[in-house]
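# Inside the fold
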Amino acid sequence: MRALRRETGMTLAQLGESTGISVSTLSRLESGQRRPTLELLLPLARAYHVPLDELVGAPATGDPRVYPRPITRHGQTIVPLTRHLGGMHAFKHIMPARTGSGAAARPEQGTHEGYEWLYVLSGRLWLALGDHDLVLTAGEAAEFDTRTPHGFGNAGPTPVEYLSLYGAQGERMHVRAKPSPRDASRDASPDAPSDATPDPRGPS
């Protein structure tokens, strides 16, 4: 605080007149003998023409780390990657490896308001979208209006991991990707297990 005052060229008396804070209080603040309060910091920030964060020496940003609590739902693990209440929500989904033999039932479908974008990290993800069955592999992305019936399943013998971005109000990603022609030809009837998720939004 003393350094800021000296940079502005003000004396304690001038600063006291500008802020309405007594000279003795200002002196104790600068020497560390008095703990600053919000009522004192606000007029000082205005007098120095600096943000309040700069005045108290706060870091440029808060702690960006997210400490998610995984949720198990419909046989898969869902890890929230965002902590805000509104706007887009991000989730990581981990679908276990298929067990048993033989073809599985088509993933159960559901509908709800919103828009979803997903990206496969590993494995083979069975996306049942309307009347279409698609298998997305690592590195492939898809997006769709969640009012279209949709469901997910594991289309392979290894676990599937994918990221999903969901917007309850219909927010859309600018990235658009479609399955390649080679996938379209092989996706007509995937041999997949019954581990499906009717509601891919993650925790509500």
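Keep in mind it's a predicted model, so treat the numbers as computed, not measured.

Glancing now at the overall build of the protein chain. Of regular secondary structure, the protein chain possesses six helices and ten strands. Taking all 204 residues of the protein chain together, 39% fall into the buried category. In the protein chain, 66% of the contacts between residues at least 6 apart in sequence involve partners at least 24 apart. Total accessible area on the protein chain is roughly 11,600 Å²; 53% of this is exposed by carbon and sulfur atoms.

Turning next to the pairing of strand β4 (residues 115–122). If a strand is regular, its side chains alternate between the two faces of the sheet. As judged from the five bridges shared by β4 and strand β7 (residues 141–145), these two strands associate in the antiparallel manner. In the sheet register, E116 faces β7, and the bridge partner there is F144. Where β4 meets strand β9 (residues 160–167), seven bridges bridge the pair, whose relative direction is antiparallel. By the bridge assignment for β9, Y119 is matched with L163.

As a further point, take the packing of helix α2 (residues 12–19) against helix α4 (residues 38–48). Their axes nearest at 10 Å, the elements α2 and α4 cross at an angle of 110°. Put simply, α2 runs roughly perpendicular to α4. α4 is crossed by α2, and the crossing has right-handed handedness. Counting all contacts with α2, which are made through L15, S18 and T19, the residues of α4 involved are P43, L44, A47 and Y48. Looking at side-chain class alone, the contact of α2 with α4 contains five nonpolar, two polar and no charged residues.

Once that is clear, we can look at the pattern of salt bridges. For the structure shown, the criterion picks out five salt bridges. As a salt-bridge pair, R2 and E30 come within 3.5 Å of each other at their nearest N and O atoms. Taken as a pair, R2 in helix α1 (residues 2–8) and E30 in helix α3 (residues 23–31) lie far apart in primary sequence, 28 residues in all. According to the relative accessible area criterion, E30 is buried, its value standing at 14%. What you see here is one network of salt bridges that share partners, running through R2, R5 and E30.

Let's shift gears to the sheet that holds strand β1 (residues 71–73). On the basis of which strands lie adjacent, the open sheet formed by six strands has the order β1-β2-β3-β9-β4-β7 and antiparallel pairing. Each edge of the open sheet is held by one strand with a lone partner, namely β1 and β7. Within the sheet, the average angular offset between the axes of one strand and its neighbour, ignoring direction, is 25°. Across eight bridges, strand β3 (residues 88–95) lies against β9 in antiparallel orientation. Pairing of H89 across the sheet is with Y166, part of β9.

The rules we used
- Residues numbered from 1 in each chain as written.
- Predicted model: local features only at pLDDT ≥ 70, side-chain atom pairs only at ≥ 80, totals over all residues.
- Heavy atoms only, no water.
- Helix = DSSP H or I, 4+ residues; strand = E, 2+ residues; numbered from the N terminus.
- Buried < 20%, exposed > 50% of the residue type's maximum accessible area, 1.4 Å probe, protein only.
- Contact = heavy atoms within 4.5 Å.
- Areas by Shrake-Rupley, 256 points an atom, 1.4 Å probe, with all protein chains shown as cover.
- Pairing = 2+ DSSP bridges.
- Axes fitted to C-alpha atoms, helices over the stretch in contact; angles between N-to-C directions.
- Parallel < 35°, antiparallel > 145°, perpendicular 65-115°, else oblique.
- Left-handed = near helix turned anticlockwise from the far one by under 90°.
- Nonpolar A, V, L, I, M, F, W, Y, C, P; charged D, E, K, R; others polar.
- Salt bridge = Lys/Arg side-chain N within 4 Å of Asp/Glu carboxyl O.

Keep in mind that these numbers describe shape and distance, not what the molecule does.
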